[in-house]
Structure formats: C-alpha cells, structure tokens
Amino acid sequence: MTRAADLLEIATRIAREAGDLAAQRRREGLEIATKSVAADIVTAADKEVEAFVRAELARERPEDGFYGEESAAQESRSGITWVVDPIDGTVNYAYGIPAWAVSIAAVEGSADTATWSAVAGVVYNPVSGEMFRASRGGGAWLGETRLSVTAEVGAAGGLVATGFGYDPATHAPTLELLGRVMPIARDIRRIGAASLDLASVAAGRMDAYYEKGTNPWDHAAGVLLVEEAGGMVGGAPGGRPGKGMVIAAGPGFYERLERILEPEL
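Calculation rules
- Residues numbered from 1 in each chain as written.
- Predicted model: local features only at pLDDT ≥ 70, side-chain atom pairs only at ≥ 80, totals over all residues.
- Heavy atoms only, no water.
- Helix = DSSP H or I, 4+ residues; strand = E, 2+ residues; numbered from the N terminus.
- Polar contact = N/O pair within 3.5 Å; in protein donor to acceptor, adjacent residues only side chain to side chain.
- Contact = heavy atoms within 4.5 Å.
- Buried < 20%, exposed > 50% of the residue type's maximum accessible area, 1.4 Å probe, protein only.
- Pairing = 2+ DSSP bridges.
- Core = buried A, V, L, I, M, F, W, Y, C linked by side-chain atoms within 4.5 Å.
- Phe/Tyr/Trp six-rings, centres within 6.5 Å; stacked < 30°, edge-to-face > 60°.
- Axes fitted to C-alpha atoms, helices over the stretch in contact; angles between N-to-C directions.
- Expected span 1.5 Å × (residues − 1).
- Arc of directions from axis to C-beta.

**Observations concerning the side chain of Thr-81**
Then, in step 1: Along the chain, Thr-81 turns up in strand S4 (residues 80-88).
Then, in step 2: Polar contacts involving the side chain of Thr-81 include one to the main-chain carbonyl oxygen of Gly-109, which spans 2.8 Å.
Then, in step 3: If we ignore the near neighbours within four places in the chain, the residues touching Thr-81 are Gly-65, Phe-66, Tyr-67, Ser-76, Ala-105, Ala-106, Val-107, Gly-109, Ser-110 and Ala-111.

Below is the structure:
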C-alpha cells in the first residue's frame, strides 16, 4: 500500500493548483446554476475544478477510485478512493466571502463513510493561502506548525461552529437543536464551509463543530485533521461522521456536546 505521506504529497499539490484555478475563475466572473433547491448553487468553476482534480489524480494514480460532489463516482481497483469537494463553501465563493476551500481526502476502501478509513487529507483556502494537511499517524499541520485541538474549555463554554441545510423544512428543527446547544456555548460561529469548520477545530480556533446533512466530501479531509490533532469525532449513522450528524471537538468538550446531540444520533 502506498504510504500515507505519498498520498498527502499528491493531495497537497493538486489542492493548491485546484484552488489557484478556482481563484482565477472567481476573478474572471461566475456562471451560477441551482441544484437541489434555490439556495443550493453550483458554479461552472465547481465543475471545472473537480474535472481538473479528477484528471490529475487519474494521471498520478490511475487505479484509485474517485468520489466527488460534481461528477459520477469511480470504483477503486487499488483500495484507495479519493473524496473531493472542489469548492466547499460555494455560496461564500459566489458572494466573494473569503471562506471557501478545496477539500481532498484519500481513504482506504470505498466511498462509504461507514466503512472507510481516511489516510491523508488536505483543506486549502486559496484566499488566505492556508493549507491544512494531515496523514494517518503523521499529525495535522498548518505550514510548519503542528495542530492541536483545544485542551480545556472554560466556564464560559465552547466556541461552537455549526451550519444550516439548504432545505427550508430543516430550518426549524435545526434552530431548536441550536437552542439546546447554546447553554454550553460561549458563542456560535456559522462559517459556511464544513471543511474549514473542521480545520478550525483541529487548529484550536474553534472548540467544537456539529452539523446535520453534510456529505462525505464535506467532511472527509476535515475529520482526519481533527483526529490527528488529538480531537474526537463521531456522529450518525452508526456513531461515525455522516449525513445524519457530524460531531468534532477536543476530548474535554466532546462528551458534553455529544450528550446534548444524542437524541439526533
């Protein structure tokens, strides 16, 4: 099996080139269409960037599988599958808000969050130039700085990141859940890109993150970042991060948050 460090090197290079391409397209102007509902948008750049990432991965690792947001999945013949969000935070990207990222993860197994094991992952924000990266057993890093989750959360509570789905039918229960979380929260942050939320937990910029309704490409790389930074992750279905729920926090805060979210798991 290819070493995790080799997969990480590939992911890092491709994410940087893909992010620079997305930034260039943003400067040139956008073509926007809707997907599931009116608020769920996709740009021509999302599709172009994913095609670029897919082509580069196929050139480097032709036997690997692929699972991305904007194109059909490809089964793996090597045991490695790449899980890709070409532009996580497309609404931010479209509005010119500097909080969007390219997320690339290499996982052992299929694109099934219930069974895979992530071995390498990167989250790259081209606007800030920050490249968060992690490999299984190799730690989580930002530049030359090794990342670590928040060790202790004080009496004021945790700074908690979350998100809201595009479907209006989910908004009321999401707000009700937020009301249950608030008593243990110092404050709430809604960045609009799950990969950056998870990277922020890994870096200790956020104490925790939870969200319902995310897709595998939203959290595959970010979850590995949190784990390699010493954090805990879970969710649903089956106690693993998935569409039912993603939870991520340092060990000292994770159990408090999980107890509140337990009815959703």
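**A look at the pairing of strand S14 (residues 245-249)**
Each regular strand displays side chains that alternate between the two surfaces of the sheet.
Then, in step 1: Burial analysis of S14 places five of its five residues in the buried class, which makes it a mostly covered element.
Then, in step 2: Of the two faces of S14, the one lined by Met-245, Ile-247 and Ala-249 and the one lined by Val-246 and Ala-248 are each fully buried.
Then, in step 3: In the sheet, strand S12 (residues 208-211) pairs with S14 via four bridges, with the strands oriented antiparallel. If you follow Ala-208 over to S14, its bridge partner there is Ala-249.

**Looking at the nonpolar core**
Then, in step 1: Formed by 36 residues in total, the largest nonpolar core has its most connected members in Val-123, Phe-132, Leu-147, Tyr-209, Leu-225 and Val-226.
Then, in step 2: Only strand S5 (101-108), strand S6 (117-125), strand S7 (130-135), strand S8 (139-142), strand S10 (158-161), helix H5 (194-202), helix H6 (216-228) and S14 provide two or more residues apiece to this core.
Then, in step 3: A per-element tally of this core places H6 first, with seven residues.
Then, in step 4: Excluding residues that lie within four positions of it along the chain, Phe-132 makes contacts with Gly-121, Val-122, Val-123, Trp-141, Leu-142, Leu-147, Ala-199, Ala-203, Arg-205 and Leu-225.
Then, in step 5: Counting residues in hydrophobic clusters, the runner-up holds 30 residues, among them Ala-4, Ala-45, Val-53 and Val-84.

**A closer look at the pairing of S12**
Then, in step 1: Side chains of S12 alternate between two faces, with Ala-208 and Tyr-210 and Tyr-209 and Glu-211 buried alike.
Then, in step 2: Note: S10 against S12, two bridges, orientation parallel. Residue Ala-161 lies in a different strand from S12, and its bridge partner there is Tyr-209.

**Quick notes on the packing of aromatic side chains**
Then, in step 1: Under the counting rule described, the total for this entry stands at two aromatic pairs.
Then, in step 2: Here Tyr-67 and Trp-217 contribute two aromatic rings whose centre-to-centre distance is 5.5 Å and whose plane-to-plane angle is 70°, an arrangement assigned as edge-to-face. Of the two residues, Tyr-67 sits in strand S3 (residues 65-68) while Trp-217 sits in helix H6, which places them 150 residues apart along the sequence.
Then, in step 3: Aromatic pair Tyr-93 and Trp-100: ring centres 4.8 Å apart, planes at 80°, arrangement edge-to-face. The two residues Tyr-93 and Trp-100 agree in class, both being buried.

**Side note on the sheet that holds S12**
Then, in step 1: Reading across the sheet, the five strands line up as S11-S10-S12-S14-S13 and stay open at both edges, with mixed pairing between neighbours. Of all the strands in the sheet, just strand S11 (185-189) and strand S13 (232-236) have a single pairing partner and so form its edges. With strand direction ignored, the average angle separating the axes of adjacent strands in the sheet is 20°.
Then, in step 2: On top of the sheet, H6 reaches S13 and S14; it is set at about 140° to S13, its chief contact.
Then, in step 3: Against the sheet, helix H7 (residues 251-261) contacts S10, S12, S13 and S14, and its axis sits at roughly 150° relative to S14.

**Considering helix H2 (residues 44-60)**
Then, in step 1: With 17 residues, H2 should reach 24 Å at 1.5 Å per residue; the first-to-last C-alpha distance of 25 Å fits that figure.
Then, in step 2: The set of residues buried in H2 consists of Ala-45, Asp-46, Val-49, Glu-50, Val-53, Glu-56 and Leu-57. Buried residues of H2 fall within an arc of 130° about the axis and therefore sit on the same side.

**Side note on the sheet that holds strand S9 (residues 145-146)**
Then, in step 1: The strand order across the open sheet formed by seven strands is S3-S4-S5-S6-S7-S8-S9, and the pairing between neighbours is mixed. The open sheet has two edge strands with one neighbour each: S3 and S9.
Then, in step 2: Of the strand pairs in this sheet, S6 and S7 are connected by six bridges, and their pairing is antiparallel. Bridge pairing links Ala-120 to Ser-135 in S7.
Then, in step 3: Strand contacts of H6: S3, S4, S5, S6, S7 and S8, with the helix running at about 100° to S6, the strand carrying the most contacts.

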